Number of protein chains: 4
Amino acid sequence: MDIAMIGLGRMGANMAQRLHRGGHRVVGYDPGEGARQRAAEAGLEVVDSLAAAVAALPVPRVVWLMVPAGETVDQTLGQLTPHLAEGDIVIDGGNSNYQDSIRRAKALAEDDLGYVDCGTSGGVWGLQEGYSLMVGGEAAVVEQIAPLLRTLAPAEDRGWGRVGPSGAGHFTKMVHNGIEYGMMQAYAEGFALMERKQEMELDLAQVAEVWRHGSVVRSWLLDLSTEALKRNPSLDGIAPYVEDSGEGRWTVAEAIALDVPAPVITLSLLERLRSRESNSFTDRLLSAMRNEFGGHAIKKS
Amino acid sequence: MDIAMIGLGRMGANMAQRLHRGGHRVVGYDPGEGARQRAAEAGLEVVDSLAAAVAALPVPRVVWLMVPAGETVDQTLGQLTPHLAEGDIVIDGGNSNYQDSIRRAKALAEDDLGYVDCGTSGGVWGLQEGYSLMVGGEAAVVEQIAPLLRTLAPAEDRGWGRVGPSGAGHFTKMVHNGIEYGMMQAYAEGFALMERKQEMELDLAQVAEVWRHGSVVRSWLLDLSTEALKRNPSLDGIAPYVEDSGEGRWTVAEAIALDVPAPVITLSLLERLRSRESNSFTDRLLSAMRNEFGGHAIKKS
Amino acid sequence: MDIAMIGLGRMGANMAQRLHRGGHRVVGYDPGEGARQRAAEAGLEVVDSLAAAVAALPVPRVVWLMVPAGETVDQTLGQLTPHLAEGDIVIDGGNSNYQDSIRRAKALAEDDLGYVDCGTSGGVWGLQEGYSLMVGGEAAVVEQIAPLLRTLAPAEDRGWGRVGPSGAGHFTKMVHNGIEYGMMQAYAEGFALMERKQEMELDLAQVAEVWRHGSVVRSWLLDLSTEALKRNPSLDGIAPYVEDSGEGRWTVAEAIALDVPAPVITLSLLERLRSRESNSFTDRLLSAMRNEFGGHAIKKS
Amino acid sequence: MDIAMIGLGRMGANMAQRLHRGGHRVVGYDPGEGARQRAAEAGLEVVDSLAAAVAALPVPRVVWLMVPAGETVDQTLGQLTPHLAEGDIVIDGGNSNYQDSIRRAKALAEDDLGYVDCGTSGGVWGLQEGYSLMVGGEAAVVEQIAPLLRTLAPAEDRGWGRVGPSGAGHFTKMVHNGIEYGMMQAYAEGFALMERKQEMELDLAQVAEVWRHGSVVRSWLLDLSTEALKRNPSLDGIAPYVEDSGEGRWTVAEAIALDVPAPVITLSLLERLRSRESNSFTDRLLSAMRNEFGGHAIKKS
């Protein structure tokens, strides 16, 4: 197929490359000149405007967005849709909020444009191993882009699927990331406990390697943790500072909105917030209270 | 009544003083010379050995221990009991583990010595406001020391009670402290949230003061927090470092042993542990994992 | 002062009564005929329309809303404001979301109407003991209604205060309720642990009563818990089903939005959601997984 | 090698079988006649006493225990060791507490008996896929039993390792299970959230299947969950009741003892306790409190 890939950052460039290698014609565009240049050097066909990207495609056109979630998606759509015509299809492969995707699908449908929300997992390894793709949108539209999904996925018949109507792709990706937070936190707590048990002199990378084969906790995240621990067993030089990219917050909000208690996913998010506190007011007040009622010494900052 | 107070630290000295003021004769002893001297200067009758303390009392003798929980209690009992005789009574007013108290009561009963475990709450304010006393032990023995309890409590008929058999006093005190952890954490989180909401320019001490009168969250801990926030609104100079003194851990262990889910009390303890982590391995591994799968930048330490 | 009280439910009727007893003239209105009738029987001056309530007041008019948070407030304002004129004041004393209050204050300010958001705590006991009032709005407007606040509060000079600009009253009330959730959960977990420790044969109401005097955990919530446990020691006939009324959810959302980790308040909310799950899918899937990998028996539903 | 397998329950029988198929001579014993009979029918060499099992082996003898953790291990060792002689080796492959294993290793060392603690993961799938084996004990002793470990593991050189001194095997297995709890809970919460989002009409097994290929959350537990959801998409007939087998409790206790905050692993355990509460006193007291202060209706049980 012919496709325009809008957004040639880490994820977009890799996906464009995987599609290209899979025999599709990919016209790439990114507002950043550096990103365009890197993509061109990597052998992709690159243009220097959204209009040019659209113009380079046969109708019906298929445009894949791989841009930062939020306003950037709306802005890109605002610039893109004037160049599109009835029957064209836009795919949002980023981490958009599923409610935005539902809204956007409705808006584009008014102009008879197809809109697909595609939750994409796989990170930097996707180029090589393929991406897991959770797709939301009208079945007929998803069917049209199936050749792309088959190429992006780890195998033609595995790792992708239309999971529901518009929004369902990004909804399931959101939940996926919530689960990811919980799993990561579970592993990290367990390894921290082993690290603290100094009299055992455990080699964490070795334990992880043992677990990778045959254990109940084997997983891809464990594979990656094993690599990280092999390269840097004491994790020196890494700050105890954990970012979050939004989907965890949405998962927590959605769970509460639906009255589903999700304590572990929720705590995993809160632990990330906690990792970024440098002078917790909560803890200072606790210390002050203890001093107030019990005369317990306050540690000075 | 006549009573020996063994242990003249912050709590013991105050309790001895309150008993003294209440008309009881208190013979004080502490292994530390400084503590003895301070007690003598405060007008208490002080002796310089356990034996002398016991010798100064009429039979049946009543000895109140206010020493650090754990081994110190066992050591003190080991040195004390040879000087005691049938019918004498020992009271442990400290924060002992209730299981130790059950064991000690059994051991002393074999020598016909009475043993009372008395959970004591009130902190440094107890001298002035009276202590809340949760008492475990045989009813007849508790009855014998009731005059002391009436004096130590905020009022003759309030704030003290035999709550059950040996161990029940320290068991209820343990739970009391678990609840205390949870309440403190709830307040601290709430105030931290208000502190962070900078555009509201809230005066936390003022909000606390408003809450003290008529609100659902009014409490003594809130009174104390109000004082702390009035004196030091931004809690400057206080490190975000929160100690725990053991009862919270026991509460968590007991709850799990009895299959009672106590998530809030448990989390309150874990948050204190967290406050003392300076370079969390958990968080460093989380950061390493994110880099591993997503190429997300690691913050350098 | 003269005031209209709109909404004569449990809270509104009591507040109207307290104002009335305090020497204010209160014109009451409620859309429900039953509520109007009960208020009239209780000696209040009751009218049968919003327009009549406004018409009964001297200018500048002061109208207190005590209606359900959310759409009802907007609808009531929509019906009310056409009858108001420059300089009149509307107070929202309910549990509105603070963001709504900021929006409403702005909208009314365009018509030169004053708007005050008043967080009100005290529950059914407020009539007798006075309410804790957290007030947000322009200082000059709050000053105008100060006579009402002095009467509603537990004392003229205590339990009320302008805590900040528009929204600050409902913001602090929201946080107040979040703290309330955490405190309640801490107590409930502690009492549940004592209840489970059957060999101690603890009398929970007695323990609570002892704690009420001199202990670190004394509070008004403990006073109420003591009453509840005295009347019904085993809490028979009460379903383990805990509602929430919205402010806890907002507190959790706000804390996450501001990157403030508030695990105990958050868990307290999740525990309430959990109390209402009758056939948890989470737990069923956990049981299914255990069977899948370990052959562990599944309990049949 | 020649080996005695003591305990022919689900795990022991499968491990004996895998060793047998791998070319080792396995002498099986179980105190239960039924278990012995099933093992014999499956082609194993079975004896009817511990003594006979020992007698059937050449020296130095190697005895693998696969019996319930706790007292059963001590009892079995008490009956077994009189039949053993210097240089013989006992392996505990069950889920013993690592502190017990350290104690037992010391005790057996006094009689010059080798003791190896082997954490074993893999569940009912181990027979076919191999087990993940975390081994603690003296290096020389572990070396002697390496041929058995190579056969039990998924491959000769993968999925097993001596991770440290005595106790290290069961310590790492304990942590493994703590992580397992957290991962399971994370998945279960995520699927429950998707299940509740009814307007998306998600096919959970399909989503799980998509995630299995290329996603960040792919794992063996996800593979198993996918199977469970395919067979029984709505998990009908499964009670929301989740057992725990002890290692999670130990992990939580160890983490607290070492001051390592492990909130997600801890909450995962508490959620299991919660799943087994049928009439939570905590929740009933919360409901009673709400009624007490706010007049909120109590749901009758």
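Please read these numbers as outputs of a predicted model, since none were measured by experiment.

### Here we look at the environment of T151 of chain B
Residues and elements named next belong to chain B.
- Its place among the elements puts T151 in helix α8 (residues 146–152).
- By relative accessible area, which is 17% here, T151 ends up buried.
- When the C-alpha positions of T151 and F191 are compared, they lie 36 Å apart, and in sequence the two are 40 residues distant.
- Reaching out from T151, the side chain makes a polar contact with the side chain of H24 at a distance of 2.7 Å.

### Comments concerning the interface of chain B and chain C
- The partner chain C presents 69 residues to the 70 residues of chain B that form the contact.
- For the chain B and chain C pair, buried surface summed over both sides reaches about 5800 Å², with 73% attributable to carbon and sulfur atoms.
- On the chain B side of the interface with chain C, the three residues burying the most area are L193, M200 and V216 of chain B, jointly 12% of the side's total.
- Run the count over chain B and chain C and you get 4 salt bridges.
- As a salt-bridge pair, E129 of chain C and R218 of chain B come within 2.5 Å of each other at their nearest N and O atoms.
- At the junction of chain B and chain C, the tally comes to 24 residue pairs in polar contact (both at pLDDT 80 or more).

### Details of the relation of the copies chain A and chain D
- Mapping chain A onto chain D leaves a residual RMSD of 0.0 Å; the transformation is a rotation of 180° accompanied by 0.0 Å of translation along its axis. Given the turn and translation reported, the copies of this chain are related as if by a two-fold rotation axis. Among all residues of chain A, the minimum C-alpha distance to the rotation axis is found for S219 of chain A, at 1.9 Å.
- In this assembly the copies share their binding face: 99% of the residues contributing to the interface of chain A also contribute to that of chain D.

### Considering the interface of chain A and chain D
- Listed by partner, the interface residues are 70 residues for chain A and 69 residues for chain D.
- Of the roughly 5800 Å² buried between chain A and chain D, counting both surfaces, carbon and sulfur atoms make up 73%.
- Here chain A is connected to chain D by 4 salt bridges.
- Residues E254 of chain A and K197 of chain D are paired through a salt bridge, measuring 2.7 Å at the closest nitrogen-oxygen approach.
- At the boundary of chain A with chain D, the tally comes to 24 residue pairs in polar contact (both at pLDDT 80 or more).
- Contributions of two or more residues to the side of chain A that touches chain D are made by α5 (98–109), β7 (132–136), β8 (160–164), α8 (168–196), α9 (204–211), α10 (220–231), α11 (247–257) and α12 (263–275) of chain A.
- Per-element tally for the side of chain A that touches chain D: the top contributor is α8 of chain A, with 18 residues.

### Here we look at helix α7 (residues 139–152) of chain A
Residues and elements named next belong to chain A.
- Taking 1.5 Å per residue, 14 residues should reach 20 Å; α7 reaches 18 Å between its end C-alpha atoms and fits that length.
- At I145, α7 is deflected by roughly 55°, the largest bend along its length, and proline P147 occurs up to four residues later in sequence.
- Buried within α7 we find V141, V142, I145, A146, L148, L149, T151 and L152.

### Regarding the sheet that holds strand β1 (residues 2–6) of chain D
All names here are of chain D.
- The strand order across the open sheet formed by 8 strands is β3-β2-β1-β4-β5-β6-β7-β8, and the pairing between neighbours is mixed. Only two strands of the sheet have a single partner each, and these edge strands are β3 (45–46) and β8 (160–164).
- Sheet topology note: the strand β2 (residues 25–29)/β3 ladder contains 2 bridges and is parallel. The partner of G28 across the bridge, within β3, is V46.
- In the packing of helix α4 (residues 71–80) onto the sheet, the strands contacted are β1, β4 (62–65), β5 (89–92) and β6 (114–121), and the crossing angle to β4 comes to about 160°.

### Quick notes on a negative patch on the surface
- A cluster of like negative charges, contributed by E86, E110, D111 and D112 of chain A, occupies part of the molecular surface.
- Inspection of the secondary structure puts D112 of chain A in the loop between α5 and β6 (114–121).

### Let's talk about the UniProt feature "domain: 6-phosphogluconate dehydrogenase C-terminal" (unreviewed entry) in chain A
- The sites that carry the UniProt feature "domain: 6-phosphogluconate dehydrogenase C-terminal" (unreviewed entry) are, in the present numbering, residues 169–297 of chain A.
- Taken end to end, residues 169–297 of chain A is 67% helix and 0% strand, and its two terminal C-alpha atoms sit 54 Å from one another.

### Points about the packing of aromatic side chains
All names here are of chain D.
- Scanning all chains against the criterion turns up 12 aromatic pairs over all chains.
- Seen from their ring centres, Y98 and F171 are 5.0 Å apart, and the 90° between their planes marks the pair as edge-to-face. In this pair, Y98 is assigned in helix α5 (residues 98–109) and F171 in helix α9 (residues 168–196), connecting sequence segments 73 residues apart.
- An angle of 90° between the planes, with centres 6.4 Å apart, marks the rings of W125 and W220 as edge-to-face. On the criterion of sequence distance, the pair formed by W125 in the loop between β6 and α6 (126–129) and W220 in helix α11 (residues 220–231) is long-range, its members being 95 residues apart.

What counts, and where the lines are drawn
Residues numbered from 1 in each chain as written. Chains lettered and ligands numbered in written order. Predicted model: local features only at pLDDT ≥ 70, side-chain atom pairs only at ≥ 80, totals over all residues. Heavy atoms only, no water. Helix = DSSP H or I, 4+ residues; strand = E, 2+ residues; numbered from the N terminus. Buried < 20%, exposed > 50% of the residue type's maximum accessible area, 1.4 Å probe, protein only. Polar contact = N/O pair within 3.5 Å; in protein donor to acceptor, adjacent residues only side chain to side chain. Contact = heavy atoms within 4.5 Å. Buried area = accessible area lost by both parts, 1.4 Å probe. Salt bridge = Lys/Arg side-chain N within 4 Å of Asp/Glu carboxyl O. Least-squares fit on C-alpha atoms with pLDDT ≥ 70 in both. Expected span 1.5 Å × (residues − 1). Bend = angle between axes of the 7 residues up to and from the residue. Pairing = 2+ DSSP bridges. Axes fitted to C-alpha atoms, helices over the stretch in contact; angles between N-to-C directions. Patch = residues over 30% accessible without salt bridge, like charges linked within 9 Å, V, L, I, M, F, W, Y side chains within 5 Å. Areas by Shrake-Rupley, 256 points an atom, 1.4 Å probe, with all protein chains shown as cover. Lys, Arg positive; Asp, Glu negative; His and termini not counted. Charge placed at Lys NZ, Arg CZ, Asp CG, Glu CD. UniProt positions renumbered as here; feature names shortened; annotations may be inferred. Phe/Tyr/Trp six-rings, centres within 6.5 Å; stacked < 30°, edge-to-face > 60°.

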